[in-house]
Amino acid sequence: MGNSLKAILAFVPSNKCQKYLLEDLEEMPVDKMVDLSGRQMRRLPLHICSFRELVKLYLSDNNLNHLPPELEQLQNLQILALDFNNFKALPLVVCTLKQLCILYLGNNKLCSLPLELRLLQNLKTLWIESNCLQYLPEVVCELSLLKTLHAGSNALRTLPPQLQCLQELRTIWLSGNLLSEFPPVLLDMPFLEVIDVDRNSIQFFPSLAHLPGLKLVIYDHNPCRNAPKVARGVRRVGRWSEETPEPRKRSGAVIEITLDEKPLLPPAAKTEPE
């Protein structure tokens, strides 16, 4: 089906047109997965909400800005992808899907997250990158099983101290924000394995050598004058990483060492629940 035809049919509410968008998907798929990404949909076909055993629903790259209340029927859903849409607010019906363990909300227009998000106590991975967040909503700190948080490409200037309550958190991606200092709360999170603060405005890095779980820290593209100190075996990506020395003082002057920029290590691709 051509994209232009899909775009036209996305406006038409008739059941026949909606079934055409679904491409004759009339019964519950054997793999319990429905992928409607890139259909230029402006509303979710209600027929999908009848698949009550559905586990994975991908709605990425559409024109959605709301979801029907009937979505609440999908109480077995574990993965929901709403990235690359037009959501200005997270539909509250999403917060009723209590089996969700992976939620993709990246590349929307979110400025906040609802308090009802705390109901998703099985959530392990949350993608909220490339939105309009000026602060990390404190409700995120109530997701006790969260292991991976992707919050890059927003306008974050700091992180809430409550973040240290997330003792299952292992990976945090904060690339492309407005951090002017290394977030102090991360220094009190010894269980972190990956910290990405690439492309911020951090001028000084404290020592991270006391973080026993740390495996990788990405700090490139910051106007820093030092590299973060880390324990042996921890990989650093940035200026003066393990391959080259930091600038050394000589007679009061700082000798700069110019390096070719290393490629950014991208976050892992969309993953399945463990």
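Treat the numbers as computed from the prediction; the structure is a model and nothing was measured.

A.B. asks: Would you explain the sheet that holds strand β10 (residues 235-237) in this entry?
C.D. replies: One key point about sheets: their strands pair by backbone hydrogen bonds, in either a parallel or an antiparallel sense. Within the open sheet, the ten strands sit side by side as β1-β2-β3-β4-β5-β6-β7-β8-β9-β10. Their pairing is parallel. Two strands lie at the open edges of the sheet, namely β1 (33-35) and β10, each paired on one side alone. On average, each strand axis in the sheet is inclined to that of its neighbour by 5°, with strand direction left out of account. Examined bridge by bridge, strand β9 (residues 216-218) and β10 share three bridges and lie parallel to one another. The residue bridging Val-217 from the neighbouring strand is Arg-236, located in β10.

A.B. asks: Can you help me understand the environment of Lys-124 in this one?
C.D. replies: Within the fold, Lys-124 resides in the loop between β4 (102-104) and β5 (125-127). Accessibility expressed as a relative area gives 26% for Lys-124, which makes it partly exposed. Measuring from C-alpha to C-alpha, the distance between Lys-124 and Ile-102 comes to 6.0 Å, with 22 residues separating the pair along the chain.

A.B. asks: I tried to follow the pattern of salt bridges on my own but got confused; where do I start?
C.D. replies: Note that side chains of opposite charge can pair when their charged atoms are close. Using the criterion set out here, one finds three salt bridges in the structure. Here Arg-118 and Glu-142 are joined by a salt bridge, their closest N and O atoms 2.8 Å apart. Here Arg-118 is found in the loop between β4 and β5, whereas its partner Glu-142 is found in the loop between β5 and β6 (148-150), with 24 residues between them in sequence. Judged by relative accessible area, Arg-118 falls into the partly exposed class, the value being 34%. Arg-199 is the salt-bridge partner of Asp-198, the closest N and O atoms lying 3.2 Å from each other. Asp-198 gets classed as buried once you look at its relative accessible area, which sits at 0%. Judged by relative accessible area, Arg-199 falls into the partly exposed class, the value being 43%.

A.B. asks: Just to check I follow, could you spell out the side chain of Arg-236 for this structure?
C.D. replies: Here Arg-236 is to be found in strand β10. Its relative accessible area of 13% is what places Arg-236 among the buried residues. Reaching out from Arg-236, the side chain makes a polar contact with the backbone oxygen of Pro-228 at a distance of 2.9 Å.

A.B. asks: For this particular structure, what's the right way to read the side chain of Asn-154?
C.D. replies: Positionally, Asn-154 belongs in the loop between β6 and β7 (171-173). Within polar-contact distance, the side chain of Asn-154 engages the backbone nitrogen of Asn-131 at 3.1 Å. Polar contacts involving the side chain of Asn-154 include one to the main-chain carbonyl oxygen of Ala-151, which spans 3.2 Å. Filtering out sequence-adjacent residues up to four positions away, Asn-154 remains in contact with Ile-128, Glu-129, Ser-130, Asn-131, Cys-132, Leu-133, Gly-176 and Asn-177.

A.B. asks: Is there a simple way to think about the environment of Asn-226 in this case?
C.D. replies: Along the polypeptide, Asn-226 turns up in the loop between β9 and β10. On the accessibility criterion, Asn-226 (13% relative accessible area) is buried. Put simply, Asn-226 and Ser-241 are 15 residues apart on the chain and 9.8 Å apart in space, counted from C-alpha to C-alpha. Among the polar contacts listed, one links the side chain of Asn-226 to the backbone oxygen of Phe-205, at a separation of 2.8 Å.

Basis of the calculations
- Residues numbered from 1 in each chain as written.
- Predicted model: local features only at pLDDT ≥ 70, side-chain atom pairs only at ≥ 80, totals over all residues.
- Heavy atoms only, no water.
- Pairing = 2+ DSSP bridges.
- Helix = DSSP H or I, 4+ residues; strand = E, 2+ residues; numbered from the N terminus.
- Axes fitted to C-alpha atoms, helices over the stretch in contact; angles between N-to-C directions.
- Buried < 20%, exposed > 50% of the residue type's maximum accessible area, 1.4 Å probe, protein only.
- Salt bridge = Lys/Arg side-chain N within 4 Å of Asp/Glu carboxyl O.
- Polar contact = N/O pair within 3.5 Å; in protein donor to acceptor, adjacent residues only side chain to side chain.
- Contact = heavy atoms within 4.5 Å.

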